[in-house]
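Report on the structure
Here are the chains, one letter per residue:
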Amino acid sequence: MSVSKRSFQLVACLSVFVFLLIGVACTPGGGSGGSGGTVSLHGAGATFPNPLYQKWLSEHGKLHPNARIDYQSIGSGGGIKQLKEQTVDFGASDAPMKDEDLKSAPGEILHVPTVLGAVVITYNLAGVSQPLRFTPELIADIYLGKIKKWNDAKITADNPGVTLPATDITVVYRSDGSGTSAVFTDYLSKVSAEWKEKVGTGTSPKWPIGLGAKGNEGVTGQVKNTPNTIGYTELAYAVQNKLPVGLVKNASGNFVEPTIDTVTAAAAASAATIPDDLRVSITNAQGAQAYPISSFTYILVYKDQKDAAKGKVLADFLWWGIHDGESFAKDLQYAPLPAEIVKKAEAKINSMTAGGTPLRQS
Amino acid sequence: MAYSSSDRIRRATSALMTSLTALCTLLAVSALLIILFYIAWQGVDSISIQFLTDTPRPVGEGGGIGNAILGSLVLLLVSSAIGLPLGICVGIYLSEVGSGRFAGAVRFIVDTLTGIPSIVTGVFVYTILVVPMRHFSALAGGVALALIMIPIVARTTEEMLKLVPHSLREGALALGAPQWRVTMGVVLPAAAPGIATGAMLAIARVSGETAPLLFTAFGSRFFSTSLNEPIASLTVQIYNYAISPYDEWHAQAWAATLVLMTLVLGINIIVRFLTRKRF
Amino acid sequence: MSAVTANQYSSWRRVLSPTGNTGDAVYRVLMLLIALLMVGIVVTMVWALATESMPSIRQFGFSFLKGRTWDPIRGEFGALPFIYGTVASSVIALLISVPFSLGIAIFLVEQAPYYIARPIGFLVELLAAIPSVVYGLWGIFVLAPFLREYVQPPLARVLGWTPLFRGQITGFGLLTGGIILAIMVTPIISAVVRDVLTAVPSSQREAALALGATKWEMIRVVLVNGAPGIAGAVILGLGRALGETMAVTMLIGNRPEISASLFDPSYTIASAIANEFTEATGDLYLSALVELGLILFLVTFIVNGIARVLVWNVTRKTGGVGRAA
């Protein structure tokens, strides 16, 4: 093989490379007001509702092909940050934004609740086929490290007829900052004064004992693969992975199984007392059949949209979501919003404006 | 022939060590095959023409990674275009041009760059490119990946250039070539296979990166080659699927990994072919 | 050169390039500028990290480095567990990986016939392309259970009297994190060492063999020759180990505690940043995380420095391939 032939090969490949590069660099961007009036929107935030939002975007896209909306799950905090920096058009968060965050944002931000989720207690115990029952104090004590073995008297007291092994409990928590942890610790702070004092509520608490797994899927994976483990995760993950789910005693004294209906019941019970801006925690809700570790998840938007075309598409999408979109929730193990909350969310969407003019005619 | 006992010890040591090296290789290859088989076992069922050409769809509707494949290729193109030339030039500087303490300092600084978690690079590019531009873009993704590539390419280039025997340089200089001709025309081609190794390692490394892309290229459900828009990529798609609760999406994640590795293998083979030595 | 040009231009050209050639001057300046660009980028990064972590530095000062508590809710932050986890997991990874990588490289260069060496070399490099997330998932489903069932119990039985192998056996922890890092770092080190060994001139090998060396003794000569290049390879691998996030965070247990046992969970700086950065709200929390990133920079600096001193010591005595002009 001669030198010239080899150089030719190299030069040929380099030319192809450069040609492709130029081709890519010259592709026109889409963006709003591009070809044929397509509008592009980008949202980022919570990982928990991602599967549902992807379904919404796909279904909505079939009805409105000119609206190209993308959603990327990077975590609630990331969504809030990027919304404040205005690199995304809408954010998504499980926990509502704090007062300091709202004040430091460049504009007023609205919280629009979209669906409900439940944090469930899941475990891996060979030979235990019935669902275990947990009282609030029991969960707190296990996570505080005060109860160390599965056959501890406190556990067997609430679970008569179940033979529990004499093994150590391996506790699993979320290592990454997460809305799920925030909801779980919020619940524990409400039901256990010791937890509130020692640990508190937050997305990244200092867990007294246990192993940290990354993400809901990390916790489920670890629980599934390690015997004698207990963990907390979102309902969809436990159901999809066929993990057992514990019954939790709610504020009314009933042991409630986390299902879509009991979660919606928790939201309905709080509807009367929900504040105007819709930022609320519904853990440990009253209501006979309310599941006590439930929470809203929100989409966050600026009240006053800078771009009228984008704002209209966004408002219409949100409207479609809380009405038509709810019908897709149950299949994916998300609990739809109760009717009272939908009304309040409608009011929020109708208040969105662009330069003073409302985006939707209600 | 009479072997003394020290001879026998030496031969035995040699036999032992050579079998150990063979064992190491066997273990490494086994580890790789175990991982590869696991990936293939989990994902091969999901691979189909539709999977390779369609866009992602919600759970239960199938869907594919077509736009992610295109996106990954675009990102590789952009990051290689920025990262490879810059990395090779830094390597040339460290080996051929620079001298003394300043070059030592540069080398040290480039070494430190290799240890930065990719998420930090991603956030850095987010701060300097995405926030001022007010939107995510494939260009930002390419820049972030290039920043990860450069130290790897620079260090391997430097090491490989240093390994070129001085006789080649001296011969070219003796023939009257200026320094730049010597470097570009003689030393670089001589070190080409080694530099290609560095380039391949860098490309393999960035093809597997997720965290920086989440903050720069963002992700997309649509086909796109525009540098000014967010773009899908195989790694982000794999990440999205892997962290979901659904078996169907998990299977797609494994299948996408298989596709990704085939892609990198393909690039590896092409570049190796172009930079092979005759002897 | 004519007398005219020698007077008019040679002064600045000569400054830029020892040969006075324009092409050379352009070439040298260009390379210098690009190198300066890299330095500039790193300096900008460090500066950005430093500014962002100011609130945390002002609040904690040096006690940040010694502090062992990481409590975002109460606002108490200390970096020591993370520094320990990062260094320990990287050391474990290198201890496992370097012998293996050297073994692989030696086998492929010195012993294997070409038609085996080529494909195996490709395969090993392919390990470098597997996404971090996939390594993590494989670790959760295959490696951790394997260690939990077949490796950790025997280790605990035989070596449980040492503080290194005590504690609850879950399959996740410092040891698992170190092992997955070792798997991820091996392709880098072995690929570069392969090239280094290939570049050692055959004359060295032939000379050793002619003097009656056994195969292994000849290989030792080659290794000493390639020592600087091998050191460079190890530094690259170390860099990857220090900065690796996803796979480690899925396997290391993520507990910011310092424990002597390899079975216990641990936490690395990169994992902490990856886990908590997107969710961090509040200036102090964010700046504490950024300060962790800054510390990682420092750790990389220091470890690289130590590696360089070691290499300098070795090559000072033996010379070897790889001395630049």
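Scroll up to find the structure this text is about.
Summarised in this report is the structure supplied together with it. The structure presented is a predicted model; accordingly, all values stated were derived computationally and were not measured. (Residues numbered from 1 in each chain as written. Chains lettered and ligands numbered in written order. Predicted model: local features only at pLDDT ≥ 70, side-chain atom pairs only at ≥ 80, totals over all residues. Heavy atoms only, no water.)

1. A few points about the overall build of chain B
From N to C terminus, chain B includes 11 helices and 0 strands. Mapped from its N terminus to its C terminus, chain B presents α and β elements in the order α-α-α-α-α-α-α-α-α-α-α. For the C-alpha atoms alone, the extent of chain B along its principal axes is close to 75 × 55 × 35 Å. When the 279 residues of chain B are sorted by exposure, 63% land in the buried category. (Helix = DSSP H or I, 4+ residues; strand = E, 2+ residues; numbered from the N terminus. Buried < 20%, exposed > 50% of the residue type's maximum accessible area, 1.4 Å probe, protein only.)

2. Side note on the packing of helix H8 (residues 179-207) of chain B against helix H9 (residues 174-199) of chain C
In contact at an axis separation of 9 Å, H8 of chain B and H9 of chain C are set at 170° when each is read in the N-to-C sense. Here H8 of chain B lies roughly antiparallel to H9 of chain C, going by the angle between them. Of the residues in H9 of chain C, those touching H8 of chain B at Gly194, Thr197 and Leu201 of chain B are Pro187, Ile188, Ala191, Val192 and Asp195 of chain C. Looking at the contact of H8 of chain B with H9 of chain C residue by residue, the classes come out as 5 nonpolar, 2 polar and 1 charged. (Axes fitted to C-alpha atoms, helices over the stretch in contact; angles between N-to-C directions. Parallel < 35°, antiparallel > 145°, perpendicular 65-115°, else oblique. Contact = heavy atoms within 4.5 Å. Nonpolar A, V, L, I, M, F, W, Y, C, P; charged D, E, K, R; others polar.)

3. Concerning the interface of chain B and chain C
Buried accessible area, meaning the area lost when the parts come together, often serves as the stated size of an interface. Listed by partner, the interface residues are 80 residues for chain B and 87 residues for chain C. Here chain B and chain C share an interface that buries about 7700 Å² over both sides, 79% of which is from carbon and sulfur atoms. Among the residues of chain B in contact with chain C, Ile35, Phe108 and Leu163 of chain B are the three that bury the most area, contributing 8% of the side total. Our count for the contact surface shared by chain B and chain C stands at 1 salt bridge. Across the pair Arg10 of chain B and Glu217 of chain C runs a salt bridge whose closest N-O atoms are separated by 2.8 Å. Applying the counting criterion to the chain B and chain C interface returns 11 residue pairs in polar contact (both at pLDDT 80 or more). Among the elements of the structure, helix H1 (5-43), helix H3 (66-97), helix H4 (100-114), helix H5 (118-133), helix H6 (138-163), H8, helix H10 (234-242) and helix H11 (247-274) of chain B are those that each provide at least two residues to the side of chain B that touches chain C. Top element by residues in the side of chain B that touches chain C is H1 of chain B. It accounts for 18 residues. Taken together, the residues that form the side of chain B that touches chain C break down as 48 nonpolar, 22 polar and 10 charged. (Buried area = accessible area lost by both parts, 1.4 Å probe. Salt bridge = Lys/Arg side-chain N within 4 Å of Asp/Glu carboxyl O. Polar contact = N/O pair within 3.5 Å; in protein donor to acceptor, adjacent residues only side chain to side chain.)

4. What to know about the nonpolar core
Formed by 289 residues in total, the largest nonpolar core has its most connected members in Phe184 and Phe296 of chain A. The biggest single contributor to this core is H9 of chain C, with 16 residues. In contact with Phe296 of chain A, other than residues within four places in its own chain, are Asp94, Pro113, Val115, Leu116, Ala267, Ile274, Val280, Ile282, Leu337 and Ile341 of chain A. Among the nonpolar cores identified, the runner-up in size contains 10 residues, and Val29 of chain B together with Ile104, Ile120 and Val124 of chain C belong to it. (Core = buried A, V, L, I, M, F, W, Y, C linked by side-chain atoms within 4.5 Å.)

5. Notes on helix H2 (residues 50-63) of chain A
Helix length check: H2 of chain A (14 residues) gives 20 Å between terminal C-alpha atoms against 20 Å at 1.5 Å per residue, within 8%. Among the 14 residues in H2 of chain A, 11 count as buried, and that is most of the element. Within the sequence span of H2 of chain A, burial applies to Asn50, Pro51, Leu52, Tyr53, Gln54, Lys55, Trp56, Leu57, Ser58, Glu59 and His60 of chain A. Tucked inside the fold, the buried residues of H2 of chain A contact strand S2 (67-73), strand S3 (90-93), strand S4 (109-124), strand S11 (294-302) and helix H12 (308-323) of chain A together with H11 of chain B. (Expected span 1.5 Å × (residues − 1).)

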